[in-house]
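Chains, contacts and geometry: an overview
So you can see what is in the structure, the chains are spelled out below.
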Amino acid sequence: MHLQSTKTLSNGVEMPCFGLGVYKMTEREETLQAIDKALKFGYRAIDTASLYGNEVEVGEAIRHSGIQREDIFVTTKVWNNDQGYDATLRAFEVSLKKLNIDYLDLYLTHWAVPETFEETYQAIERLYDEKLIRATGVSNHHEHHLEKILAKANTAPMVNQVELHPYLQQLPLRAFCSEHQIAVTAWSPLGRGGVLTDPTIVEIGQEIGKTAAQVVLRWHLQNNTLVIPKSVTPSRIEENAQIFDFELTQAQMEKMATLNRDQRFGQDPDHFKFDF
């Protein structure tokens, strides 16, 4: 496995296992520099969302990188107040225009808005049928949300992006997704930094000469989870990606498994405050 290793999605599309998340990157030059640094270092996936307000910068950085468009996997998401069938199609057009690209690699429902998430996914299916996106997916969907979608879908979601880290290991959801050939991407793979002082993780890092962040990101990959760590710091962008020259042992993986405490640093999809 290496920095540009991919996971084959259920439709055969290759999605990078490791990418850059750009949540909260709101300062233009900082955003452009972070993406430029990541792409030069070898990252080949960028994960944004209409909510983040930086789709223009993401598109600009990709165009200026000198890397072929087809070699960069671009993900964005439809925000909650743009959900529903027609609204999602309109929101997609806005995102595509801001990114200034011809297609998206992956388009996600950002959160499962109770009244509209099923319609939203049907619109994503249509975009897939029209070959405007290469893969379909959702974000922040529990099993019961996915069950509703699967009951009606002609094309099952290929990706579910959820909060996932050593304190929130999401075992039942991961098992459900595996059963239905849905790849799982971890947002906040480091628990917003909240797991990095955990004594067990720190100890494992000391054993192998790696940082706590590197231990956690490697743990994700060995659990077959895709990761999109966020950073605007050049040294951290490099450090996060330096996880392909070691493997955690079975004993170390078992130690990591004991850390689950169902602790969220973000919101629970069932209790998200949908204030429109």
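In this report, the structure presented in the accompanying data block is examined. Just so it is clear, the structure is predicted and the values come from calculations on it, not from any experiment.

**A word on the state of the cysteines**
For the structure shown, the criterion picks out zero disulfides. Free of any disulfide, C17 has its nearest neighbouring cysteine sulfur in C177, separated by 16 Å. Look at C177 and you get buried, because its relative accessible area is 0%.

**Topic: unusual backbone geometry**
Of note in the backbone geometry, N224 takes a positive phi value of approximately 65 degrees without being a glycine. Its place among the elements puts N224 in the loop between α8 (212-222) and β10 (226-227). At D262, a residue that is not glycine, the phi angle is positive and equals roughly 50 degrees. Its location among the elements puts D262 in the segment after α10 (250-257).

**Re the nonpolar core**
Grouped together as the largest cluster of nonpolar side chains are 82 residues, with contacts concentrated most on F18, L104 and Y107. Other than its neighbours up to four places away in sequence, L104 contacts R69, V74, T76, F92, L96, L99, L132, I133 and R134. Counting residues in hydrophobic clusters, the runner-up holds five residues, among them W79, W111, W187 and I228.

Reading the values: the criteria
- Here, residues in each chain are numbered from 1, in the same order as that chain's written sequence.
- For this predicted model, a pLDDT threshold of at least 70 governs which residues receive local features, and a threshold of 80 or more governs which side-chain atom pairs are given and counted, while totals over whole chains, interfaces and linings are taken from all residues.
- Where side-chain values are given, they derive from all heavy atoms of the structure, hydrogens and water being excluded.
- Working definition: a disulfide is two cysteine sulfur atoms within 2.5 Å of each other.
- Each residue is placed in one exposure class: buried if its accessible area under a 1.4 Å probe, protein chains only, is under 20% of its type's maximum, exposed if it is over 50%, and partly exposed if it falls in between.
- Helix and strand assignments come from DSSP, with helices taken as H or I runs of at least 4 residues and strands as E runs of at least 2, each series counted from the N terminus.
- Note on terminology: a nonpolar core comprises buried Ala, Val, Leu, Ile, Met, Phe, Trp, Tyr and Cys residues joined through side-chain atoms within 4.5 Å.
- Contacts were defined at the residue level, with two residues in contact if any of their heavy atoms lie within 4.5 Å.

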